[in-house]
Amino acid sequence: MQKLITKYGLAAHLALSAVAPLFLIPYVATDTVAKVMIYLACLTFAWFLGAPSRLRGENSYMARKRVFKATYTDPLVWIMLAIILFSSVRYFNAGIDLAYDAENYVWYMTEATASFLPASHGEGAFLPLVTSFAALIMIVVSFHALGRGARYGFLYSVGLFGGVSAFVHIYNYSIGAEKLLEYAKCAFDCEFFLGFGYMLTSAFLVAALPIAFERRWNVAIVTIPLLLGAQIAAIAIFSPINVFVVGLAVLLLIVVYSVFWGRKSLSRSGELKLSVVFFVSLALAFMLIYFTDWNNFVAGATSLVQGFVDAEYRQVSDKLSSVAFKVWRDNIWLGTGVDTFAFDIRFNLNDADWLVIAQDQKVPLNAWWYLLAERGVIGALLIVVPVFFMLYAYFSRMCAALRKLPTPVVLLGPLVLIAAVALAFFNCSIFGAGMMPLLIAAVLVSAASFVKEKKDGE
């Protein structure tokens, strides 16, 4: 038992830290979700300090020494520390708000305490600050402190917690929980689609499926169809049909490669077992959809025939994107400040525009314009630069390991990253609570899975 805890304890803590926002988002305020993310990230970091994964022949002291050296020599870690510092300045430099000039009878936006620094409105920058901190913990632990077995345990744990969360949300939706009914509408003014999160967690679980067969994790094999089926159903219920299609395509691509890999690496009929488990999961997912949200799903599938997005969406998206472009053009480097786009809308739309745009619209329907409008070029670089370093780590390890057929885990990172980047042109879910750490974990766990066994064994 002690060996099991020391081997998978850190992975379980990291997985809970990554998936907890999906549990909480429908029930508590965003700042509460952010506080929970801080607590869980600190708990994961404490476990990391005491019990990183040990390589074969290492004791705990040697493992900690190796991991600490790898951590402080990693340029990505120092970049993330700089981003946390930048995010802290943006959080404390608040003050942007709507104000009324009674003398001239006009509304205007107040300036931040230091107008030449990155700024924010109210507590809007708190979640980005917490996300930066959680992302740093995710980078340090997932890339440097998890051994091969622990990484696989992390994949399954993310899928396990995601599946439990999906069951809870679907059940509460079926009994009429008000907040979940709102999320299921997938309205244009929704800042975050729950289904996007389940697209990520289900990809983790599908990547863990061939590993479960390889390592004969029989309990995991039995539970995966239920967990995966619930998450596929949650994608369909709590996101637009285009997110569901992209998510299903990601899962299918991983499964197809897993079947090919299974013919080389698993025992006889291993690829058949993989296929059966996945299609059983699909069947369970469609059963859940049928009994909870079938009419809406059919309506979404019908609308997909007319195009990836409908005409009303394009109309609203074009108007909001034009506002975002205008705002960014006037504030190229730092944007107007975090959580200020709702104010920008009010100053840049006319009365006719409000006939098609919701009164409580807070974000555009394109995450990239949202990023540029509120955070400017510098804020965008804070995301692009870490992604560049993670992709460099991925492709450098891939080139060093091309001689051997890699596990299906290596597809997880690039596929979910491509899907997230593509879907960001249609919604802002990529910036939802906890989504960025999940994406980071997917890329880095995939990159670490290229390492040769003799250098990465436990």
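Residues numbered from 1 in each chain as written. Predicted model: local features only at pLDDT ≥ 70, side-chain atom pairs only at ≥ 80, totals over all residues. Heavy atoms only, no water.

1. As for the overall build of the protein
In step 1: When its secondary structure is counted, the protein shows 17 helices and two strands.
In step 2: Over its C-alpha trace the protein gives a radius of gyration of 22 Å, about what one expects of a compact globule, namely 23 Å for 458 residues.
In step 3: Taking the principal axes of its C-alpha atoms as reference, the protein extends roughly 80 × 50 × 40 Å.
In step 4: When each of the 458 residues of the protein is scored for burial, the buried share is 54%. (Helix = DSSP H or I, 4+ residues; strand = E, 2+ residues; numbered from the N terminus. Rg over C-alpha atoms; globule rule 2.2 N^0.38 Å. Buried < 20%, exposed > 50% of the residue type's maximum accessible area, 1.4 Å probe, protein only.)

2. Here we look at the pattern of salt bridges
In step 1: Applying the stated rule across the entire model yields five salt bridges.
In step 2: A salt bridge links Arg-66 to Glu-58, with the nearest nitrogen and oxygen atoms 2.9 Å apart. (Salt bridge = Lys/Arg side-chain N within 4 Å of Asp/Glu carboxyl O.)

3. Here's the deal with the state of the cysteines
In step 1: According to the stated counting rule, one finds zero disulfides in the structure shown.
In step 2: Residue Cys-186 stays outside any disulfide, its sulfur separated by 6.8 Å from that of Cys-190, the closest cysteine.
In step 3: Given a relative accessible area of 14%, Cys-186 falls into the buried group. (Disulfide = S-S within 2.5 Å.)

4. As for helix H6 (residues 148-174)
Because an α-helix packs 3.6 residues into every turn, residues spaced three or four apart end up facing the same way.
In step 1: Helix length check: H6 (27 residues) gives 39 Å between terminal C-alpha atoms against 39 Å at 1.5 Å per residue, within 8%.
In step 2: Gly-176 sits one or two positions beyond H6 and adopts a positive phi of about 90 degrees. (Expected span 1.5 Å × (residues − 1).)

5. What about the pairing of strand E2 (residues 106-109)?
Residues in a regular strand project their side chains so that they alternate between the two faces of the sheet.
In step 1: Strand direction decides the pairing type here: strand E1 (residues 98-101) and E2, joined by four bridges, are antiparallel. Residue Tyr-100 lies in a different strand from E2, and its bridge partner there is Trp-107.
In step 2: Remark: four residues form the turn of the hairpin made by E1 and E2, two consecutive strands paired antiparallel; Tyr-105 in that turn has positive phi of roughly 60 degrees. (Pairing = 2+ DSSP bridges.)

No statement about biological role is implied by the geometric values presented.
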